[in-house]
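Descriptive structure summary
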Amino acid sequence: MAKKPSITGILRLTSDQLKRIRKRVANGGHVDQMQEVDALVGLAKEMADRQLAGLESPADENDGSVQDGDEAKD
């Protein structure tokens, strides 16, 4: 069975792949589309952050209706 990669290894691999994608887009004469590539990468990051946040906090701890620093009033 293959060894499960560490999160650090996955992040390094992802970073390297993004660098290659950006370089290929730029070298392919599509510099004008870099903004769209960056927007898609930003969207993917936001989605990953939300998924990670959901994994890190128990569902019953906070349903999202109370923001940090806010206290629920009875």
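Our subject is the structure that appears above.
The sections below set out a description of the structure shown in this document.

Thresholds applied
- Residues numbered from 1 in each chain as written.
- Predicted model: local features only at pLDDT ≥ 70, side-chain atom pairs only at ≥ 80, totals over all residues.
- Heavy atoms only, no water.
- Salt bridge = Lys/Arg side-chain N within 4 Å of Asp/Glu carboxyl O.
- Helix = DSSP H or I, 4+ residues; strand = E, 2+ residues; numbered from the N terminus.
- Buried < 20%, exposed > 50% of the residue type's maximum accessible area, 1.4 Å probe, protein only.
- 1 Å grid on protein atoms, 1.4 Å probe; cavity = no way out; pocket = protein on both sides within 12 Å on 5 of 7 lines; lining within 4 Å.
- Points joined across faces, edges and corners; volume = space filled by probe spheres on them.
- Nonpolar A, V, L, I, M, F, W, Y, C, P; charged D, E, K, R; others polar.
- Patch = residues over 30% accessible without salt bridge, like charges linked within 9 Å, V, L, I, M, F, W, Y side chains within 5 Å.
- Areas by Shrake-Rupley, 256 points an atom, 1.4 Å probe, with all protein chains shown as cover.
- Axes fitted to C-alpha atoms, helices over the stretch in contact; angles between N-to-C directions.
- Parallel < 35°, antiparallel > 145°, perpendicular 65-115°, else oblique.
- Left-handed = near helix turned anticlockwise from the far one by under 90°.
- Contact = heavy atoms within 4.5 Å.

What to know about the pattern of salt bridges
In total, this model carries three salt bridges according to the counting rule given. Here Arg-50 ties to Glu-46 by a salt bridge, and the two come within 3.1 Å at their closest N and O atoms. With Arg-50 and Glu-46 both in helix H2 (residues 34–56) and four residues apart, this pair spans about one turn of that helix. Among the residues examined, Arg-50 registers a relative accessible area of 60% and is labelled exposed. Exposure remark for Glu-46: the relative accessible area of 38% places this residue in the partly exposed category.

Some words on the layout of surface pockets
Gaps left between atoms are located by rolling a probe of water-molecule size over the structure's atoms. If you add up the space inside the largest pocket, you get close to 350 Å³. Lining the largest pocket we find Ile-7, Ile-10, Leu-11, Thr-14, Ser-15, Leu-18, Val-41, Ala-44, Lys-45, Ala-48, Leu-52 and Glu-56. Counting only elements with at least two residues in the lining of the largest pocket, the list comes to helix H1 (7–27) and H2. Class assignment of the residues belonging to the lining of the largest pocket gives a composition of eight nonpolar, two polar and two charged.

Quick look at a nonpolar patch on the surface
Side chains of Ile-7, Ile-10 and Leu-11 sit close together on the surface and give an oily, nonpolar patch of about 290 Å² of accessible area. By relative accessible area, which is 37% here, Ile-10 ends up partly exposed.

Brief notes about the packing of H1 against H2
At a closest axis distance of 10 Å, the pairing of H1 and H2 adopts a crossing angle of 160°. By the angle between their directions, the pair H1 and H2 is classed as roughly antiparallel. The interaxial crossing formed by H1 with H2 has right-handed handedness. Along its contact with H1, which presents Leu-18, Arg-22, Val-25 and Ala-26, the element H2 presents Met-34, Val-37, Asp-38 and Val-41. Looking at side-chain class alone, the contact of H1 with H2 contains six nonpolar, no polar and two charged residues.

By themselves, these are just geometric observations and shouldn't be taken as functional.
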